[in-house]
Amino acid sequence: MAPKFPVKIQLPANIRAASRVPFLQVAKTAAAMIISWGIATLLFPGELPVFAAIAALLVVQPSVNQSVGRAIERSIGVIFGVVIAYVVGLAFGSNTWIVLLTLVASLFLAWALKLTPGTANQVPISVMLVLSLGAANLEYPLARIVETVLGAAVGVIINILVVPPVLTGPARTSVLTLGTEIAATLDRLAAALTSRPTPGERDALLIEARLLRPMEKKAEAALTAADESLTLNPRQSRHRAVLEHDQELFSRLRPLITRSLGMTRAFHDHYDDSLADEPTIAAIADELERSAHDLRLLSRDPDAPVEEPATETAGLPVLTAPLVITTPNPRHWVLIGSLMEDLRRIHAEITGDDDAA
């Protein structure tokens, strides 16, 4: 007899999320549904409080601000749908074709009124449920509106009272990582200037610099999510200063991404082996390393201890004044001029000299 193996069910990749929703959010959603169901049952005995449960299910979102927005969308959509269903049911009844035509008409009405997707989707759903279950009786549509508002209110309250999430931590990590990577890009460029990299090494240098753009988008998305998580959040006062610091730092880092990419691209496109012999190249490389050093200081977590080696410059800025150079070899003056201008702007951004930047 062949051995039996446990059957493993593998869901298709296109219906599986990369990560699970936090368990706390699932628990809060379940609690909101149970509470709203219980209250609605007491208010409307003999009726299944489906509208209250659905509202609670949809309203509990990752942030309080999103919950309030979803509650408003849900409530307005249900009111529109219930009113439409009641008027149509009173005038034409609720046979199959009337329900279908009303559903289609409610879709176009929501489009014409430019309702948000959440509100627009809720209108035909409410129309269908009310026409199917009892549109002719005025008490039924009114009860469904009260149910929906009740479920939405319970969902918002639960999301406020039970540990509303704060996403400033991931935002700070993304911004500081971005600053550190910009500094690494400057260091790599400094090393390339004083050596004679192969074509493959120059291509790799440019590819690594271009990776700053996806990191920039990730940091921007994380800051947006953090700001969203603090809006209407009762814990926001303790975290707002952290977010404002990271937003300000991010705004200073964004121009540095452009400068770093521009310098790397100019080096990649205008390089030749005699560049390392240019008298000012070593000085430019030194200033790039100093810029990277100071950028790491700027991008350091203000709440973390200093982890630099014990040297004379540990924890201290080392940028000097912008370089003044003599006329370079005609073959290199475009590249050196480009590097110097971007270096000047990097210097201004790091030191906070807005006029020079």
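The paragraphs below set out a description of the structure included in this document. (Residues numbered from 1 in each chain as written. Predicted model: local features only at pLDDT ≥ 70, side-chain atom pairs only at ≥ 80, totals over all residues. Heavy atoms only, no water.)

Quick word on the layout of surface pockets
With a probe scaled to a water molecule rolled over the atoms, the places where space remains empty come into view.
At step 1: Taken as a whole, the second largest pocket spans an internal volume of roughly 190 Å³.
At step 2: If you trace the second largest pocket, you find it lined by V21, P22, L24, Q25, K28, Q61, P62, V163, P165 and L167.
At step 3: Here the lining of the second largest pocket is composed, by residue class, of seven nonpolar, two polar and one charged. (1 Å grid on protein atoms, 1.4 Å probe; cavity = no way out; pocket = protein on both sides within 12 Å on 5 of 7 lines; lining within 4 Å. Points joined across faces, edges and corners; volume = space filled by probe spheres on them. Nonpolar A, V, L, I, M, F, W, Y, C, P; charged D, E, K, R; others polar.)

Description of the nonpolar core
At step 1: Of all hydrophobic cores here, the largest spans 45 residues; its most connected members are L178, I182, L193, L253, F267, L288 and L295.
At step 2: When contributions to this core are tallied by element, the ones reaching two or more residues are α7 (168-193), α8 (199-210), α9 (212-230), α10 (236-270), α11 (281-298) and α12 (333-351).
At step 3: Ranked by residues supplied to this core, first place goes to α7 with 11 residues.
At step 4: For L253, the residues in contact, after removing those within four places along its chain, are V175, L178, G179, I182, L295 and S299.
At step 5: Formed by 15 residues, the second largest nonpolar core is a distinct cluster that contains F51, V82, L131 and Y140. (Core = buried A, V, L, I, M, F, W, Y, C linked by side-chain atoms within 4.5 Å. Buried < 20%, exposed > 50% of the residue type's maximum accessible area, 1.4 Å probe, protein only. Helix = DSSP H or I, 4+ residues; strand = E, 2+ residues; numbered from the N terminus. Contact = heavy atoms within 4.5 Å.)

With respect to a nonpolar patch on the surface
At step 1: Among the surface-exposed residues, W97, L100, V104, L107, F108 and W111 lie close enough to one another that they form a single nonpolar patch of about 740 Å² accessible area.
At step 2: By secondary structure assignment, the location of V104 is in helix α4 (residues 96-112).
At step 3: For V104, a relative accessible area of 37% puts it in the partly exposed group. (Patch = residues over 30% accessible without salt bridge, like charges linked within 9 Å, V, L, I, M, F, W, Y side chains within 5 Å. Areas by Shrake-Rupley, 256 points an atom, 1.4 Å probe, with all protein chains shown as cover. Salt bridge = Lys/Arg side-chain N within 4 Å of Asp/Glu carboxyl O.)

Regarding α11
At step 1: Taking 1.5 Å of rise per residue, 18 residues should cover 26 Å, and α11 covers 25 Å from first to last C-alpha, within 8% of that figure.
At step 2: The set of residues buried in α11 consists of I281, I284, A285, E287, L288, S291, A292, H293, D294, L295 and L297. (Expected span 1.5 Å × (residues − 1).)

So, the packing of aromatic side chains
At step 1: Inspection of the entire model under this criterion finds one aromatic pair.
At step 2: Here R144 stacks its cationic end above the ring of F44, 5.9 Å away from the centre of that ring. (Phe/Tyr/Trp six-rings, centres within 6.5 Å; stacked < 30°, edge-to-face > 60°. Lys NZ or Arg CZ within 6 Å of the ring centre and 35° of its normal.)

A short note on the packing of α8 against α10
At step 1: Closest axis-to-axis distance for the α8/α10 pair is 9 Å, and the angle between their directions is 165°. It follows that α8 is roughly antiparallel to α10 by the angle criterion. For the element pair α8 and α10, the recorded crossing hand is left-handed. Contacts from R202, D203, L205, L206, A209 and R210 in α8 reach L261, T264, R265, F267 and H268 in α10.
At step 2: Looking at the contact of α8 with α10 residue by residue, the class counts come to five nonpolar, two polar and four charged. (Axes fitted to C-alpha atoms, helices over the stretch in contact; angles between N-to-C directions. Parallel < 35°, antiparallel > 145°, perpendicular 65-115°, else oblique. Left-handed = near helix turned anticlockwise from the far one by under 90°.)

Brief notes about the packing of helix α3 (residues 64-92) against α4
At step 1: One can describe the packing of α3 onto α4 by two numbers: an axis separation of 11 Å at closest approach and a directional angle of 145°. At the point where α3 passes α4, the crossing takes the right-handed sense. Counted together, I84, V88 and F92 of α3 and I98, T102, S106 and L109 of α4 form the full contact between these two elements.
At step 2: Of the residues assigned to the contact of α3 with α4, the class counts are five nonpolar, two polar and no charged.

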